Amino acid sequence: MGVTELTDLIRCTNTRVQIRAQTSFSYQEVKLRRSLTLRGEMEQKAVQLDRETFSCSICLDLLKDPVATPCGHSYCKNCIKDHWDTEDEKGIHSCPQCRKSFTPRPELLKNTMLAVLVEELKKTGLQAAPADLCYAGPEDVACDVCTGRKLRAVKSCLVCLVSFCEKHLQPHYTVAQFKKHKLVEPSEKLQENICSRHDEVMKMFCRTDQQCICYLCPVDEHKGHDTVSAAAERTERQRELEGSRHNIQQRIQDREEDVKLLQQEVEAINGSADKAVEHSEKIFTQLIRLMEERRSDVKQQVRSQQETEVSRVKELQEKLEQEITELKRKDAELKKLSHTEDHNQFLHNYPSLSALSESTHSSSIKIRPLKYFEDVTAAVSELRDKLQDVLRETWTNISLTVTQVDVLLSNPQPEPETRADFLRYSREITLDPNTANTYLLLSEGNRKATYTSQQQSYSSHPDRFTDWYQVLSRESLTGRCYWEVERRGVVYVAVAYKNISRAGLSDESGFGYNDKSWMLDCSTISYNFFHNKVQTPVSGPQSSRVGVYLDHSAGILSFYSVSDTMTLLHRVQTTFTQPLYAGVYVYDSAVFSKLK
């Protein structure tokens, strides 16, 4: 054996002796523990005998109004009555102890002798245990010293590694050797404090392997590792935990301020919308004979846009409130862990805590003042002055003005990142047969479009694309929407306004070749984006599935390559002036997927 090995052996031996001396019990202490435990068991058995002798086997409490069954067993009158009430349907009544059956139901007679004995016992002090001091239930930690039916433990000792009821805990308060022991709230996981390899109490922590260890572990499998006492590691982790709680509390405060600002924004939108409706009503009253229908339309559009904007703000408000709730839950979880008295349990549970997610919002929300619906009122006033042009020009201006009302928040909601985030905004898209080119066959509930060499027998309709192999959705798209297209062969994935031209092979009716549509060319070789005849090459992984995300109010349109992950192909930032419709150009087949 070399000098180095000999030195290590001496150091390990000294360490083992020192720690053993700190953790081992003296002979006198062990003897005292055994004596106290034995005496406690004898006392417990004596009380247990008295109670069991005069206890009802159904409620497990002292007999109340004892009655006897024909087989000789006694019960509380109400207990056996309730038991037999449940057996009335069977027509056979049995004894809960010996299972002997009786037909018909026996008449219960009072057991006079037992009644007298129970009353005498009560006078001597043998009372029923209060509910909070009775026996351990399924969810309670039981006293390890009690025999027979165990009482509920009130403390666990981290030195004895035993849980005690109130009675058997007394030596820890009165015996000098026990007063130094560490008492914690009752725990069923005391054995987790024992090293499975060395059968010793784990009072150290290996930072290298991030686990609790005993004093012998550094000698072999944790030799040379960075080890400290469990208490020292707990202190450091406690500081980290308090820092996390501080951050959570600050975020809660910030989010609560954001919610207040959003509530003010809702009130402002509602107030402005109410004023716009009120003013419009007054103006239209003057034109009641000629404008009855238009008045109703304006009112409906204002209310619809009001609902849309309020809904968008409330969506952000709800998300912030959910974040507040989650932060409070997380804070409670950390608080509970921070109060754990058992170092090992604290360190055991600490790594399982989920990391605090990054806030998806800025620390505050600032609302820029807008005119909201005042422009609607101005348009209606102009309508009053230009009555002759109402049906031809001014009505279009009014409609577009209402649609363009927007609440511009200084921190718009961020675009989703994961597919699960996108699926929160999924929309089921169906295709409109009245728009389908006659060489496109619709199937699978009008979700699939397939190019065919034979014309389909569609009826004549002004919305039908006559020359481009295109089709639009039935659903108009506003707000935040997400959908996916499963493609085969050459497919163009697009969105367009409803007023896109339908007739002929001109640029005015082709997706991406006008200012009324946006299109991603998903040919099998590469991607290209088109809008208003401007082509933009797009790079990205090829996939048979393309995801489309639309935030209509924010003017965001994004295309994604969807596989195991989502890869952004192209994003558009613009201003949409009308509702959009999903569309595809198909020279093979395309399916709008059903998303869960």
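See the structure shown above.
The structure presented is a predicted model; accordingly, all values stated were derived computationally and were not measured.

## Overview of the packing of aromatic side chains
In this structure the tally under the stated criterion is 20 aromatic pairs. Consider the rings of Trp84 and Phe102, whose centres lie 6.3 Å apart with planes at 65°: the pair is edge-to-face. Within this pair, whereas Trp84 is found in helix 3 (residues 77-85), its partner Phe102 is found in strand 4 (residues 101-102), the two being separated by 18 residues in sequence. Exposure class is identical for Trp84 and Phe102. Each is buried. Every member of this aromatic cluster is reached through a ring pair, and the members are Tyr439, Tyr451, Trp468, Tyr469, Tyr492, Tyr513, Phe530, Tyr585 and Tyr587. Positioned above the aromatic ring of Phe346, the side-chain terminus of Arg234 is 4.0 Å from the ring centre.

## Comments concerning the layout of surface pockets
Here the second largest pocket defines a volume of roughly 430 Å³. Ser187, Lys336, Thr340, Gln345 and Asn349 are the residues nearest the centre of the second largest pocket, which is lined by 16 residues in total. For the lining of the second largest pocket, the secondary structure elements donating two or more residues are helix 8 (288-338) and helix 9 (343-349). Looking at which element gives the most residues to the lining of the second largest pocket, the answer is helix 8, with 3 residues.

## Side note on the nonpolar core
One finds Val302 and Phe373 to be the most contacted residues of the largest nonpolar core, which totals 44 residues. For this core, the secondary structure elements donating two or more residues are strand 9 (204-206), strand 10 (211-213), helix 7 (230-286), helix 8, helix 9 and helix 10 (374-385). Among the elements that line this core, the one with the most residues is helix 7, at 13 residues.

## Structural notes on the state of the cysteines
Overall, the coordinates contain 0 disulfides when judged by the stated rule. Distance from the sulfur of Cys95, which forms no disulfide, to the nearest cysteine sulfur (Cys71) is 3.6 Å. For Cys95, a relative accessible area of 0% gives the class buried.

## Things to note about helix 3
Those residues of helix 3 that sit buried are Cys79, Ile80 and Trp84. Buried residues along helix 3 cover an arc of 125° about the axis, so they all sit on one side. Along its buried surface, helix 3 packs onto strand 1 (66-68), strand 2 (74-76), strand 3 (93-94) and strand 4.

## Focus: the packing of helix 7 against helix 10
Their axes nearest at 8 Å, the elements helix 7 and helix 10 cross at an angle of 5°. In terms of their interaxial angle, helix 7 and helix 10 are classed as roughly parallel. Two secondary-structure elements touch here, helix 7 through Ser272, Ala276, His279, Ser280, Ile283, Phe284 and Gln286 and helix 10 through Glu374, Val376, Thr377, Val380, Ser381, Leu383 and Arg384. Split by residue class, the contact of helix 7 with helix 10 holds 6 nonpolar, 6 polar and 2 charged.

## Concerning the sheet that holds strand 10
Reading across the sheet, the 3 strands line up as 10-9-11 and stay open at both edges, with antiparallel pairing between neighbours. Each end of this open sheet is capped by a strand with a single partner; those strands are strand 10 and strand 11 (227-229). In this sheet, neighbouring strand axes are inclined to one another by 35° on average, regardless of whether the strands run parallel or antiparallel. Relative to strand 10, strand 9 runs antiparallel, the two sharing 3 bridges. Bridge assignment links Phe205 to a residue of strand 10, and that residue is Cys212. Together, strand 9 and strand 11 form the strand contacts of helix 7, whose direction differs from that of strand 11 by roughly 90°.

## Some remarks on the side chain of Asn514
Relative to the elements of secondary structure, Asn514 occurs in the loop between strand 16 (491-497) and strand 17 (517-522). By relative accessible area, Asn514 is classed as buried at 2%. Here Gly510 takes part through its backbone oxygen, which lies 3.0 Å from a polar atom of the side chain of Asn514. Among the polar contacts made by the side chain of Asn514, one reaches the main-chain amide nitrogen of Lys516 at a distance of 3.1 Å.

## Some details on the sheet that holds strand 2
Read from one edge of the open sheet, 3 strands run 2-1-5, paired in antiparallel fashion. The open sheet is flanked by strand 2 and strand 5 (109-110), the only strands paired with a single partner. Two strands pair when backbone bridges link them, and strand 1 and strand 2 are joined in this way by 3 bridges, in the antiparallel orientation. Of the residues in strand 2, the one forming a bridge with Val67 is Tyr75.

## Concerning the pairing of strand 13 (residues 448-451)
Relative to strand 13, strand 12 (residues 440-443) runs antiparallel, the two sharing 4 bridges. Across the sheet, Ser443 pairs through a bridge with Lys448, a residue of strand 13. Where strand 12 folds back on strand 13, the antiparallel hairpin that results is connected by 4 residues, among which Glu444 adopts a positive phi of roughly 50°. Bridging between strand 13 and strand 24 (residues 589-592) involves 3 bridges; their strand directions are antiparallel. Within the sheet, the bridge partner assigned to Lys448 lies in strand 24 and is Val591.

## So, the environment of Lys155
You can see Lys155 is positioned in strand 6 (residues 155-157). Through-space distance from the C-alpha of Lys155 to that of Glu166 is 8.0 Å; in sequence the pair is 11 residues apart. With sequence-adjacent residues up to four places away left out, Lys155 is seen in contact with Val162, Ser163, Phe164, Leu169, Tyr173, Leu183, Val184, Glu185 and Pro186. Separated by 3.0 Å, the side chains of Lys155 and Glu185 make a polar contact.

What counts, and where the lines are drawn
Residues numbered from 1 in each chain as written. Predicted model: local features only at pLDDT ≥ 70, side-chain atom pairs only at ≥ 80, totals over all residues. Heavy atoms only, no water. Phe/Tyr/Trp six-rings, centres within 6.5 Å; stacked < 30°, edge-to-face > 60°. Helix = DSSP H or I, 4+ residues; strand = E, 2+ residues; numbered from the N terminus. Buried < 20%, exposed > 50% of the residue type's maximum accessible area, 1.4 Å probe, protein only. Lys NZ or Arg CZ within 6 Å of the ring centre and 35° of its normal. 1 Å grid on protein atoms, 1.4 Å probe; cavity = no way out; pocket = protein on both sides within 12 Å on 5 of 7 lines; lining within 4 Å. Points joined across faces, edges and corners; volume = space filled by probe spheres on them. Core = buried A, V, L, I, M, F, W, Y, C linked by side-chain atoms within 4.5 Å. Disulfide = S-S within 2.5 Å. Arc of directions from axis to C-beta. Contact = heavy atoms within 4.5 Å. Axes fitted to C-alpha atoms, helices over the stretch in contact; angles between N-to-C directions. Parallel < 35°, antiparallel > 145°, perpendicular 65-115°, else oblique. Nonpolar A, V, L, I, M, F, W, Y, C, P; charged D, E, K, R; others polar. Pairing = 2+ DSSP bridges. Polar contact = N/O pair within 3.5 Å; in protein donor to acceptor, adjacent residues only side chain to side chain.

Shape is all these values report; function is a separate question.
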